[in-house]
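Survey of secondary and tertiary structure
Each chain is listed here by its residues.
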Amino acid sequence: VYNFDGQGRIGFDLAYETLDAGISMDGYRLGLRGEYYLQPNATLRATAGYQDYDNSGLKADGFYGGVGGSYYFTRNIGFRGEIDYYTFDLNGPFPSSDYDVWDFGGKLQYKCDDYPLVFGGHVNYATIDVFGGNTDVWNLGIDLTAMFGSGASKASLRDAEVNSTFEPMRMGTLYQTF
């Protein structure tokens, strides 16, 4: 990750994923990620890249992209919103098809003073188009994130996020509709 003198950062999005849920699938993701610090209380993020999965006679490859932003209400409380899209061309023991997902999410966060811990609650809504059928999915959850970075334990939520690594992404195998 390269930091632009407090104005933003850019980096590579490299990942290897494996899925063993009735079928076995391995794959990789390669792309770019960036974040721009719009003002002291707001940031904007974007990501784009290519992903490829192959195993058990199933092949899936395609592109992904997303945009998001954060707004920090106070030193300890913030909100993250994201819109992600990814698409695969599916080939295998069934008729070839496209797999398209739009994912809309929000996350309310609270960072503890004096500790590098962030508690959050998230909600996501996704619309999935696969094999000509549409599926809608809701995902609700509670998150606990440990922030690693320079001075994260005493930092504000914004500063802890800015000085930490990019938050991991779960794209590609986040929603399964088998």
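Bear in mind the structure is a predicted one, so any value in this text is a computation, not a measurement. (Residues numbered from 1 in each chain as written. Predicted model: local features only at pLDDT ≥ 70, side-chain atom pairs only at ≥ 80, totals over all residues. Heavy atoms only, no water.)

All right, on to unusual backbone geometry then. Residue D114 is not a glycine yet carries a positive backbone phi of 70°. Tracing the sequence through the fold places D114 in the loop between β7 (97-111) and β8 (117-130). D114 sits in the partly exposed class, given a relative accessible area of 46%. (Helix = DSSP H or I, 4+ residues; strand = E, 2+ residues; numbered from the N terminus. Buried < 20%, exposed > 50% of the residue type's maximum accessible area, 1.4 Å probe, protein only.)

Within the element layout of this structure, S70 appears in strand β5 (residues 58-72). A polar contact is formed between the side chain of S70 and the side chain of R45, at a distance of 2.8 Å. Apart from residues lying up to four places away in sequence, S70 is in contact with N41, A42, T43, R45, F79, R80 and E161. (Polar contact = N/O pair within 3.5 Å; in protein donor to acceptor, adjacent residues only side chain to side chain. Contact = heavy atoms within 4.5 Å.)

Attention now goes to the sheet that holds strand β6 (residues 77-91). One open sheet holds the nine strands; their spatial order is β1-β2-β3-β4-β5-β6-β7-β8-β9, and the pairing between them is antiparallel. Of all the strands in the sheet, just β1 (2-3) and β9 (133-146) have a single pairing partner and so form its edges. (Pairing = 2+ DSSP bridges.)

Turning our attention to the pairing of strand β2 (residues 8-20). Pairing geometry for β1 and β2, over two bridges, is antiparallel. Counted as the bridge partner of N3 is R9 from β2. Between β1 and the antiparallel strand that follows it, β2, lie four residues; D5 among them carries a positive phi value of about 45°.

By the element assignment, I128 lies in strand β8. Judged by its relative accessible area of 0%, I128 is buried. For the pair I128 and D100, spaced 28 residues apart in sequence, the C-alpha to C-alpha distance is 5.8 Å.

Attention now moves to the environment of R9. Here R9 shows up in strand β2. The exposure class of R9 is buried, given its relative accessible area of 5%. Sequence separation between R9 and G34 is 25 residues, and the spatial gap between their C-alpha atoms is 5.6 Å.

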